[in-house]
Every structure is written in C-alpha cells, then in structure tokens.
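Commentary on secondary and tertiary structure
Residue strings, one per chain:
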Amino acid sequence: MTDDTNKHGPEATDEVRDAAPDAAEAAEAAPVAEPDPLELAKAENAELRDKYLRLAAEMDNLRRRTERDVKDAKSYSVAGFARDMLAVSDNLRRALDAIPAEAKEAGEAGLTALIEGVEMTERSMLAALERHGVKKLEPEGQKFDPNFHQAMFEIPNADVPNNTVLQVVQAGYTIGDRVLRPAMVGVSKGGPKVVAAENGDAPTV
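Residues numbered from 1 in each chain as written. Predicted model: local features only at pLDDT ≥ 70, side-chain atom pairs only at ≥ 80, totals over all residues. Heavy atoms only, no water.

Re the overall build of the chain
Heads up, the rule is: In this description a helix means any DSSP run of H or I spanning at least four residues, a strand means any run of E spanning at least two, and both kinds are numbered starting from the N terminus. Each residue is assigned to one of three classes by its accessible area relative to the maximum for its type, calculated with a 1.4 Å probe on protein chains only: buried under 20%, partly exposed between the two thresholds, exposed over 50%. Residue contacts are defined here by distance: any two heavy atoms, one from each residue, within 4.5 Å place the two residues in contact.
The helix and strand inventory of the chain stands at five helices and six strands. Seen in sequence order, the chain has helices and strands lined up from the N terminus as α-α-α-α-α-β-β-β-β-β-β. Within the span of the chain, comprising 205 residues, buried residues form 17% of the whole. Taking as baseline every contact in the chain between residues at least 6 positions apart, the subset at least 24 positions apart corresponds to 63%.

This is how it looks when you write it as structure tokens:
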C-alpha cells in the first residue's frame, strides 16, 4: 500500500503541473471582448446632453437675474434722490403751514401769489416723483402696519378698533414695492381688538 501511494503521489503532481501551462495558454488564446462602439456613443451622447442641459439652466438663471437686476436698477436708482426731494417738499409744506390764517384771509396780492407759487411748486415736485414710481401712502383709517407706518403716539379712542391709524404726522411714500419713507402716524388705543374668525371667515371686532 505504501508502494502504491508513493507511486501515484508524484505522478499526480506531474499531471497537475502539465495541465497548468495548458490552462494559461488557453486563457491567452481567448479573445478579449471589446466594448460596443454604439454603447460608447450612447454614453457619450448622454453625458454631453446632461452637460448641455445644465449649461442651459445656468444661462437661463443668469438671464433672469440680470433682467431682475436691471429692472431694480431702473426702479430704485432714484430712491436716494427721491428721498432728498421729499425733504424739500416737506419744507415747502411747513412754509405754507407757518403762514398765519389771518394773513391768508387778508388776501394781500403779494402774499397770495407767493402762496400759490409755493403750492404749485410742491404739486409739481410730487407729480414728478410719482412719474418715477414714488407713491404717497394713505394710511388714515387703516390698520397699523409696521412695514409701512411708524407709530409716534397713541390716541385713546374706544370707538375704533385698537391700532387703527387716526392721524398722519408725516406722509409716507413707496417706490415700486419698497418703502421709501414710512408714514409717521398716531394710532388708536383702548378700542376693541380685531379677532380673526375661524374657518377663514372675515375678522370680527
């Protein structure tokens, strides 16, 4: 039995060794599968299409941002100038308000002409500002809105809802969708509070 084992062991090893080179030669002889040119073209086309769509989206966003910036520049470029002109308009109004009522009633020719000239200048200035998008706020009787109004004092009044604008101390203005100058107002205090009704109904007081 020992002789058989010794006999078959080395022979089996030699057979494995002889088979190994044959397997290697077979692997080398087998052709390597090349990628399909059509599939490569499809993949490249999909990649280029994706890059094109991304670039088109970026260009569209850039165009929209540029249009918005140009529009804002046109609409709000005069904001600083308009604010300064409002200060001049305020001074004209203060000059008119400073004229005593007795002097106005006297109707002196020189004073009457002066008053009419100042009033015409004020109207002309405000009309020019309005042509450039500046609009006057009319908050009296409306609910106080901190985005457009600046409360200067409170007025006790139990007959109107709380936080209603009752008096305008200085007119406010907007330019486009922005506040150029908030209206300085007096608001009511002590009246009923506005309570929003449920289910989307109109608010009740």
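On we go.
Some remarks on the pattern of salt bridges
Test applied: Every case where a carboxyl oxygen of Asp or Glu lies within 4 Å of a side-chain nitrogen of Lys or Arg is listed as a salt bridge.
The final tally for this structure, using the stated rule, is nine salt bridges. With a shortest N-O distance of 3.0 Å, arginine 54 and aspartate 50 are connected by a salt bridge. With arginine 54 and aspartate 50 both in helix H2 (residues 37-76) and four residues apart, this pair spans about one turn of that helix. Aspartate 50 sits in the partly exposed class, given a relative accessible area of 38%. Its salt-bridge partner being glutamate 67, residue arginine 63 comes within 3.1 Å of it at the nearest N-O pair.

A word on unusual backbone geometry
Even without glycine at this site, asparagine 163 takes up a positive phi of about 65°. With respect to the helices, strands and loops of the structure, asparagine 163 is situated in the loop between strand S2 (149-156) and strand S3 (165-170). Given the relative accessible area of 31%, asparagine 163 is considered partly exposed.

Considering a nonpolar patch on the surface
Rule in force here: Residues enter a patch when their relative accessible area is above 30% and they make no salt bridge; the linking distance is 9 Å between like charges and 5 Å between nonpolar side chains (Val, Leu, Ile, Met, Phe, Trp, Tyr). Methods summary: accessible areas were calculated by the Shrake-Rupley approach with a probe of 1.4 Å, and residue burial reflects only the protein chains presented.
Taken together, Leu55, Met59 and Leu62 make up a surface patch of nonpolar side chains, about 290 Å² in accessible area. With respect to the helices, strands and loops of the structure, methionine 59 is situated in helix H2.

Let's talk about the sheet that holds strand S1 (residues 134-136)
The following threshold applies: Strand pairing is defined by DSSP finding a minimum of two bridges between the two strands. In this description, a line fitted to the C-alpha atoms serves as the axis of each element, helices being fitted only across the stretch in contact, and the angle between N-to-C directions of two axes falls anywhere from 0 to 180 degrees.
The three strands lie next to each other as S1-S4-S5, forming an open sheet whose pairing is antiparallel. In this open sheet, the two edge strands, each paired with only one partner strand, are S1 and strand S5 (178-181). Put simply, the sheet's adjacent strands are angled 35° from each other on average, direction ignored. Of the pairings in the sheet, the one linking strand S4 (residues 173-175) to S5 comprises three bridges and is antiparallel in character. Counterpart to tyrosine 173 in the pairing with S5 is arginine 181.

Some details on the sheet that holds S3
Think of a sheet as strands paired side by side through backbone hydrogen bonds, with each pair either parallel or antiparallel. Strand order in the open sheet formed by three strands is S2-S6-S3, and the pairing between neighbours is mixed. Edge strands, defined here as strands with exactly one partner in the open sheet, are S2 and S3. For this sheet, the mean inter-axis angle between neighbouring strands, taken without regard to orientation, is 30°. In terms of strand pairing, S3 meets strand S6 (residues 183-189) through four bridges, oriented antiparallel. Within S6, the residue paired with glutamine 167 across the bridge is glycine 186.

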